[in-house]
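Residues per chain are reported as follows:
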Amino acid sequence: MEKKQELYRGKAKSVYETDDADHYIMLYRDDTSAFDGKVIKQLDRKGKTNNHFNFFIMKKLEEAGIPVHVEKMLNDTECLVKKLEMVPVECVVRNFCAGSICRRLGVEEGLELKQPTFEFFLKNDELHDPMVNDSHIISFGWGTQEQIDKMKELSFKINEVLKALFDKAGLLLVDYKLEFGLYHGQLMLGDEFSPDGCRLWDKETRKKLDKDRFRQGLGGVIEAYEEVARRIGCPLD
Ligand code: ADP
Ligand code: UDP
C-alpha cells in the first residue's frame, strides 16, 4: 500500500493517508510527551519499541475476540491500520490507584480497588483532558448510549485478557487508557496499547516499568519498556 501525505501529527505518532480510502499508515516516532504535551523529549528506540509492543498486544486482543484496527506491521516504526472515525474520549480502566485518581480523591498510590473502575476523559490537551460522564458524551454528541455500553464492555474484557497476560510475566496492570473508533459503523479498538498509555509495576518490588519513569524523571524509560516486552515474550525486531 502506498503512503500518501501526513494527515495528522500527534504528540507521539503521525497518521498518513494511503491509496486505499479505508486504511491509514501509523508512524511511531521517538517523541515522548508528558503533561499534555508541555514536556517533549526524543527517546532512542521508543517508536520502534511501541510499534512492536502495540502490534503484539493488539494481536493477543484480536485472538481473544476484541475487534482491533491493527492490520499489518510494515516495518519497525510503521503499522497499517483501519481508518477509524475516532470517538473523542479516552477510556481509562484502573485496577490499582495511581496518577490522577490519587490527586482527585486523595487516595494513596498503590491502593488496590475492590473492583476495576472505568472513567471517560475528553481528548482535549488545552483543557487537560477533563473527566466527562455518559450524559456529557450523549448530550454533546460525542457518542451514543450504544457506543458507550460497547466501549465499557470491551474495556473490561480487555482488562481480563491483559491482567492475565501481564500477571504471567510477574507484572501488575495498574491502569490503562484506550481509544475507540468506528469502522463502517463498527466500534473497534484504535490507537495504541503500550507502556506509554498504561501503568505496569513489577509484582514483587512494585518497580515502575512504564511512562511514569519519564513523567517522574526516574530514567531508564525505554530499558523498562524493553524489559516488559521481554517478559511478555514480545519480539522487538
Ligand atoms: P495525540 O493525538 O494524543 O497527540 P498520537 O500522537 O498518538 O496522540 O496521535 C495519534 C492520533 O491518531 C490520535 O489522535 C488518535 O486518536 C488517532 N488514531 C488512532 N488510531 C486511529 C485510527 N485507526 N484511525 C484514525 N485515527 C486514529
Ligand atoms: N493516559 C494516557 N494518556 C492520557 C492520559 C492518561 O495514556 O492523555 C494513561 C496513563 O498513562 C495511565 C492511565 O491513562 O496509564 C490513567 O492516567 P491518569 O488519569 O492517572 O492520568 P495521569 O496522572 O497519568 O496524567
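One numbering rule holds for all chains: residues counted from 1, following each sequence as written. Labels follow written order: the first chain is A, the first ligand is 1, and so on. With the structure being a predicted model, the display of local features is reserved for residues of pLDDT at least 70 and the display and counting of side-chain atom pairs for 80 or more, all residues being used for whole-chain, interface and lining totals. Each side-chain value is derived from all of the structure's non-hydrogen atoms; neither hydrogens nor water enter the calculation.

Asker: Hey, could you run me through the overall build of the chain in this one?
Answerer: Numbering of helices and strands runs from the N terminus, with a helix taken as a DSSP run of H or I at least four residues long and a strand as a DSSP run of E at least two residues long. The number of helices and strands found in the chain is six helices and 14 strands. Values of the radius of gyration come from C-alpha atoms, whereas the globule rule sets the reference at 2.2 Å times the count of residues to the power 0.38. Its C-alpha atoms give the chain a radius of gyration of 17 Å, near enough to 18 Å, the size a compact globule of 237 residues would have. Overall, the C-alpha framework of the chain stretches about 50 × 45 × 35 Å when taken along its three principal axes. Whether a residue is buried, partly exposed or exposed follows from its accessible area with a 1.4 Å probe, protein chains only, as a fraction of its type maximum: under 20%, in between, or over 50%, in that order. A burial count over the chain gives 52% of its 237 residues as buried. A contact between two residues is defined here by any heavy atoms of the two lying within 4.5 Å. For the chain, the proportion of contacts with a sequence separation of at least 24, taken over those separated by at least 6, is 55%. Considering the chain, the positive charge centre built from 37 side chains and the negative charge centre built from 43 side chains are found 3 Å apart. In summary, the charge assignment counts Lys and Arg as positive and Asp and Glu as negative, without counting His or the chain termini. Just so you know, the charge point we use is NZ for Lys, CZ for Arg, CG for Asp and CD for Glu.

Asker: Could you clarify how one ought to interpret the packing of helix 1 (residues 46-63) against helix 4 (residues 145-168) in this entry?
Answerer: In a packed pair of helices, the relevant descriptors are the angle between the two axes and the axis-to-axis distance. Closest axis-to-axis distance for the helix 1/helix 4 pair is 10 Å, and the angle between their directions is 120°. With respect to helix 4, the axis of helix 1 lies oblique. Considering how the two elements wind past one another, helix 1 and helix 4 form a crossing that is right-handed. Between helix 1, through F53, I57, K60 and L61, and helix 4, the contact on the second element is made entirely by I158, V161, L162, L165 and F166. Axis definition: a line fitted to C-alpha atoms, over the contacting stretch in the case of helices. Angles run 0 to 180 degrees between N-to-C directions. Orientation is classified from the angle alone, with under 35 degrees giving roughly parallel, over 145 giving roughly antiparallel, 65 to 115 giving roughly perpendicular, and any other angle giving oblique. Crossing handedness is read from the near helix: turned anticlockwise from the far helix by less than a right angle, it gives a left-handed crossing, and turned clockwise, a right-handed one.

Asker: Would you explain the site of ligand 2 in this entry?
Answerer: The cutoff for a nearby residue is simple: one of its non-hydrogen atoms must lie within 4 Å of the molecule or strand. The local shell around ligand 2 holds 16 residues, among which R94, S100, D175, R199 and R215 are the closest. One of the side-chain nitrogen or oxygen atoms of S100 is found 2.6 Å away from an oxygen atom of ligand 2. Under this definition, polar contacts are N or O atom pairs within 3.5 Å; protein pairs additionally need one hydrogen-donor-capable and one acceptor-capable atom, and for neighbouring residues in sequence, both atoms have to be side-chain atoms. Within the side chain of R199, a nitrogen or oxygen atom sits 2.7 Å from an oxygen atom of ligand 2. Counting only elements with at least two residues in the shell around ligand 2, the list comes to strand 9 (89-96), helix 2 (100-105), strand 12 (171-183) and strand 14 (198-202).

Asker: Any chance you could explain the sheet that holds strand 7 (residues 78-82) here in plain terms?
Answerer: What holds strands together in a sheet is hydrogen bonding between their backbones, with the strands either parallel or antiparallel. One bridge is not enough; two strands pair if DSSP finds at least two bridges between them. Reading across from one edge, 1-2-3-7-6 is the order of the five strands in this open sheet, with antiparallel pairing throughout. Each of the sheet's edge strands pairs with one partner strand only, and the pair in question is strand 1 (3-9) and strand 6 (70-75). Along the sheet, successive strands turn relative to each other by an average axial angle of 30°, direction set aside. Of the strands in this sheet, strand 3 (23-28), strand 6 and strand 7 touch helix 1, which is tilted by about 150° from strand 6.

Asker: Honestly, the environment of T49 in this entry has me stumped. Any pointers?
Answerer: Residue placement: T49 occurs in helix 1. Taking the relative accessible area as the measure of exposure, T49 reaches 2% and is therefore buried. Linking T49 and E226, residues 177 residues apart in sequence, is a C-alpha distance of 7.0 Å.

Shape is all these values report; function is a separate question.
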